[in-house]
Amino acid sequence: MLRLMKYLKKSAGYIVLIVALLFLQAYCDLSLPDYTSKIVNVGIQQQGIEDGVPEKMRAATMESLSAFTDEEGREKIADSYTQEEELYVLKDDITKEDREELNDVICQAIMLLSQHASQTGQGMEGGAQLSSQLSQMPDSMVEQAAAAFVRAEYEAIGEDVDRIQMHYILESGLEMLLMALLIMAASISVTFLSSRVAAALGHDLRNGVYRKVMGFSSSEYHKFSTASLITRSTNDVQQVQLTMAMMFRIVLYAPILGIGGVIRVLQTDSSMTWILGLGVALILAVILMLFLIAMPKFTKLQTLIDRLNLVTREILTGIPVIRAFSREKHEEERFEAANRNLTRTNLFVNRCMTFMMPVMMLIMNGISVLIIYNGAYAVDDGSMQVGNVMAFIQYAMQIIMSFLMITAMSIMLPRANVAAGRIVEVLNTKETIRDPENPVSPEAGTEGTVEFDHVSFAYPEADENVLTDITFKASKGQQVAIIGSTGSGKSTLINLIPRFYDVTEGSVRVDGVDVRDMSQKELRDKLGYVPQKGVLFSGTIDSNIRYGKADLTREEVERAAKIAQADDFIMEKNHTYDSPVAQGGTNVSGGQKQRLSIARAIAKNPEILIFDDSFSALDFKTDSALRKAIKDNTKDITTIIVAQRISTIMKADRIIVLDDGKMAGIGTHKELMKNCEVYRQIAMSQLSEEELANE
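The numbers attached to residues start from 1 for each chain and follow its sequence in the written order. For this predicted model, a pLDDT threshold of at least 70 governs which residues receive local features, and a threshold of 80 or more governs which side-chain atom pairs are given and counted, while totals over whole chains, interfaces and linings are taken from all residues. Values reported for side chains reflect all heavy atoms of the structure, with hydrogen atoms and water molecules removed beforehand.

**A few points about the packing of helix α7 (residues 161-214) against helix α9 (residues 226-251)**
So, step 1. Following both chains from N to C, one finds α7 and α9 inclined at 155°, their axes separated by 8 Å at the closest point. Relative to α9, the element α7 is oriented roughly antiparallel. Helix-helix and strand crossings are classified by hand; for α7 and α9 the assignment is right-handed. Contacts between α7 and α9 involve Val 190, Thr 191, Ser 194, Val 197, Ala 198, Ala 199, Leu 201, Gly 202, Leu 205, Arg 206, Val 209 and Val 213 from the former and Leu 229, Ser 233, Val 237, Val 240, Gln 241, Met 244, Ala 245, Phe 248 and Arg 249 from the latter.
So, step 2. Gly counts as polar in this scheme, as do all residues outside two lists: the nonpolar Ala, Val, Leu, Ile, Met, Phe, Trp, Tyr, Cys and Pro, and the charged Asp, Glu, Lys and Arg. Split by residue class, the contact of α7 with α9 holds 14 nonpolar, 5 polar and 2 charged. Fitted lines through C-alpha atoms serve as axes, helices being fitted only where they are in contact, and the angles separating the N-to-C directions of these axes extend from 0 to 180 degrees. Strands here are runs of E lasting at least two residues and helices are runs of H or I lasting at least four, both read from the DSSP assignment and numbered beginning at the N terminus. Working rule for angles: under 35 degrees goes down as roughly parallel, over 145 as roughly antiparallel, 65 to 115 as roughly perpendicular, anything else as oblique. Left-handed describes a crossing whose near helix is turned anticlockwise from the far helix by less than a right angle; the clockwise case is right-handed. The criterion used for residue contact is that any of the two residues' heavy atoms lie within 4.5 Å.

**Quick look at the nonpolar core**
So, step 1. By nonpolar core we mean a set of buried residues, namely Ala, Val, Leu, Ile, Met, Phe, Trp, Tyr and Cys, connected to one another through side-chain atoms within 4.5 Å. Exposure is judged per residue with a 1.4 Å probe applied to protein chains only, and the accessible area is read against the type maximum: over 50% gives exposed, under 20% gives buried, and values in between give partly exposed. Core analysis: the biggest nonpolar cluster contains 72 residues, and Leu 205, Val 240 and Ile 371 have the highest contact counts within it.
So, step 2. Residue assignment for this core shows that the elements contributing at least two residues are α1 (12-45), α7, α9, α10 (253-268), α11 (273-317), α13 (328-381) and α14 (386-427).
So, step 3. Ranked by residue count, the leading element in this core is α14, at 19 residues.
So, step 4. Among the nonpolar cores identified, the runner-up in size contains 47 residues, and Ile 483, Leu 552, Val 557 and Ile 637 belong to it.

**As for the packing of α1 against α7**
So, step 1. Where α1 meets α7, the closest approach of the two axes is 8 Å, and the angle between their N-to-C directions is 160°. One element, α1, and the other, α7, form an angle in the roughly antiparallel class. For the crossing formed where α1 meets α7, the hand is left-handed.
So, step 2. Of the residues belonging to the contact of α1 with α7, the class tally is 23 nonpolar, 10 polar and 4 charged.

**Details of the environment of Val 581**
So, step 1. Among the structural elements, Val 581 can be located in strand β11 (residues 580-581).
So, step 2. Considering only alpha carbons, one finds Val 581 and Ser 538, 43 residues apart in sequence, at a separation of 5.3 Å.

**Overview of the UniProt feature "domain: ABC transporter" (unreviewed entry) in the protein**
So, step 1. UniProt positions are given in the numbering used here, feature names are shortened, and annotations may be inferred rather than shown by experiment. Per the UniProt record, "domain: ABC transporter" (unreviewed entry) is annotated on residues 450-685.
So, step 2. The span residues 450-685 is 34% helix and 25% strand, and its two end C-alpha atoms sit 30 Å from each other.

**Concerning the sheet that holds strand β6 (residues 479-484)**
So, step 1. Two strands form a pair only when DSSP identifies at least two bridges running between them. The sheet built from 6 strands is open, its strands ordered β9-β12-β13-β6-β14-β15 with mixed pairing. The outermost strands of the open sheet, each flanked by one partner alone, are β9 (527-530) and β15 (662-667). With strand direction ignored, the average angle separating the axes of adjacent strands in the sheet is 15°.
So, step 2. Bridge count for β6 against strand β14 (residues 654-659) is 5 bridges, and the pairing is parallel. Directly across from Ile 482, in β14, lies its bridge partner Ile 656.

**So, a negative patch on the surface**
So, step 1. Here the term patch refers to residues with relative accessible area over 30% and no salt bridge, with like charges joined within 9 Å and nonpolar side chains (Val, Leu, Ile, Met, Phe, Trp, Tyr) within 5 Å. Each accessible area is a Shrake-Rupley estimate made with a 1.4 Å probe; only the visible protein chains count as cover when residues are assessed. Salt bridges are defined by distance alone: a side-chain nitrogen of Lys or Arg within 4 Å of a carboxyl oxygen of Asp or Glu. Counting rule applied: Lys, Arg positive; Asp, Glu negative; His and chain ends not counted. For charged residues, the charge sits on one atom: NZ in Lys, CZ in Arg, CG in Asp, CD in Glu. The grouping of Glu 84, Glu 85, Glu 86, Asp 92 and Asp 93 at the surface amounts to a negative patch.
So, step 2. In this fold, Glu 84 is placed in strand β2 (residues 81-84).

**Describing the packing of aromatic side chains**
Each aromatic ring pair is characterised by the separation of its centres together with the angle its planes make.
So, step 1. Aromatic pairing here means that ring centres of Phe, Tyr or Trp (its six-membered ring) are within 6.5 Å. Orientation follows from the plane angle: under 30 degrees is stacked, over 60 is edge-to-face, and everything else is tilted. A full pass over the atoms with the stated rule returns 7 aromatic pairs.
So, step 2. Aromatic pair Tyr 373 and Tyr 377: ring centres 5.3 Å apart, planes at 75°, arrangement edge-to-face. Here Tyr 373 and its partner Tyr 377 are both found in helix α13, 4 residues apart, which amounts to about one turn of the helix.
So, step 3. Between the aromatic rings of Phe 500 and Tyr 529, the centroid separation amounts to 5.4 Å while the plane-to-plane angle is 85°, which identifies the pairing as edge-to-face. Taken together, the positions of Phe 500 in the loop between α15 (490-495) and β7 (505-510) and Tyr 529 in strand β9 put the pair 29 residues apart, joining distant regions of the chain.
So, step 4. The exposure class of Phe 500 is partly exposed, given its relative accessible area of 26%.
So, step 5. An aromatic cluster is built from Phe 457, Tyr 459 and Tyr 501, whose rings are joined through pairwise contacts.

Here it is, written out as structure tokens:
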């Protein structure tokens with residue numbers, strides 16, 4: 001996953017905003033337990049009195065408190081209040097720090113005053129003893145006693161103490177509601193922005209994989225199967241995109257919430273932190289165990305998806321053959337085997353993850369029970385208040401929840417990591433065929449020439465050459481034919497011209513320039529290539545013919561179709577040239593598909609036309625008419641034809657005979673009949689002696 005982080009650069013601004021919103025959400029989340037604690041401790045137990053500092057008090061109370069504090073304390077109290085008639089009122093400009101100091105002074109005075117009222121006549125020695133007892137009392141007991149004193153003072157003055165309590169609870173409740181609204185807004189914003197960033201990442205990865213694959217040579221295509229490339233650009237990218245969206249919302253948020261929760265817990269009460277340590281240790285142990293068991297299966301999962309896609313693709317594309325040989329049952333079993341393996345692995349992984357959540361909930365509930373058990377003793381001893389115990393439980397749950405969120409991501413991260421590795425494998429694959437740094441353009445007057453100069457070729461990782469020492473030259477306007485037995489290297493030879501492969505030895509020159517020294521675009525712009533298997537794209541007949549040159553006029557499209565002998569069947573269709581073509585050309589016959597492929601190459605008006613056994617699906621009459629039309633209308637175009645039929649190539653200017661990857665002969669039909677035994681055998685196997693004599 002880390003190797004894909006460079007694709008997030010353009011979303012850096014959004015990521016910074018997401019992190020800021022997560023901190024805001026965490027701050028609000030961590031503040032809510034504190035508000036709960038205050039409502040219970042202050043709003044309910046202390047009846048809305050926050051501390052021991054009265055907002056108002058009588059002069060007699062002021063004198064009593066001053067009597068039970070030292071000189072510095074008396075000055076502090078006197079400086080904090082102003083006298084209004086018979087009451088002393090707390091100043092408005094008192095700071096938070098000053099109020100805390102004043103609270104300590106008044107609380108001590110209140111406790112001494114209360115103790116003095118119950119134990120009069122003890123003198124200085126008794127006062128010292130009271131001070132010693134006060135220092136040993138828990139803070140919660142001091143706070144509650146001070147709050148009770150202040151409440152009694154308010155009642156004596158005539159204040160509505162119930163209104164004070166309700167005001168505090170309502171104010172705290174409204175602040176909690178505001179926090180909840182902020183959490184909701186931040187969460188929605190983070191979800192929206194995370195989805196946007198993840199979608200942008202998915203778009204860039206798909207685009208990157210597509211562009212990379214488009215630059216692959218045939219060697220790279222052999223390394224990755226078509227089914228695997230489809231899975232990598234769809235399912236794998238989707239896994240990474242989904243995980244990335246969840247990562248911003250969970251993986252980034254969990255540490256913020258967890259660390260913040262630990263800090264708040266230490267501020268609340270550190271005596272029960274061992275409970276949290278125990279819970280975290282148990283969770284980590286469960287996660288580690290699941291990872292050791294499930295991780296190998298996560299790695300295997302994407303490979304099994306590849307296998308299922310491969311089998312599905314083969315079955316769907318080969319349905320006619322499957323039916324013709326009555327192999328439906330066999331293919332069903334093959335698909336079922338791939339499907340069963342994938343399902344079994346998925347079920348195993350899901351069972352592991354299903355087992356994980358109940359265990360996590362058990363740990364969470366156990367932690368809650370431990371906190372309540374220990375907290376009950378702390379409340380009984382007076383070292384904690386009920387609200388603090390409740391806050392501690394909430395903070396503990398937030399800390400545990402942060403680990404649970406990471407655990408939930410552990411279900412997705414291994415699979416996404418495998419998917420990311422497969423994507424990176426494609427993106428990091430180096431193309432074997434690349435444009436030169438300084439491309440060379442052909443000189444004027446050399447158009448239409450193709451020259452093979454002692455060319456040898458072996459497929460990558462192959463031990464033997466497919467072609468050995470091939471040398472010939474096709475000049476402008478010439479028709480050069482290539483014939484040979486099956487497996488002699490005919491298609492391989494012409495695939496070297498558009499540079500689908502690079503030669504192992506020698507050189508292939510087009511217009512006098514080595515194809516390795518030209519840019520691939522410039523080279524292929526000069527060529528009109530018709531593959532052995534006609535390939536059409538979804539669209540219309542018109543869009544398929546003008547595929548190589550989009551700015552063709554309708555007249556040029558029709559001219560190309562007439563040369564390719566496709567005009568007749570096109571005009572019989574309801575929408576003629578605007579008739580739809582299904583994906584892969586499944587709604588046209590094999591011969592029609594070949595003629596449309598030929599029309600597409602002719603419409604481009606290239607310098608060089610290459611036909612890779614492109615007349616095999618045509619009947620003899622259409623084949624003859626097509627060859628005549630091509631010769632009459634493409635006199636200035638160099639034509640290279642790979643063919644199996646002698647009748648297709650007999651009138652070529654030059655015929656190259658291949659035998660086991662070597663040139664067995666080169667010349668015209670008559671020359672080869674005299675001088676080349678391989679050619680003569682091929683000719684006699686296809687035509688009678690009378691037909692050969694007439695030719």
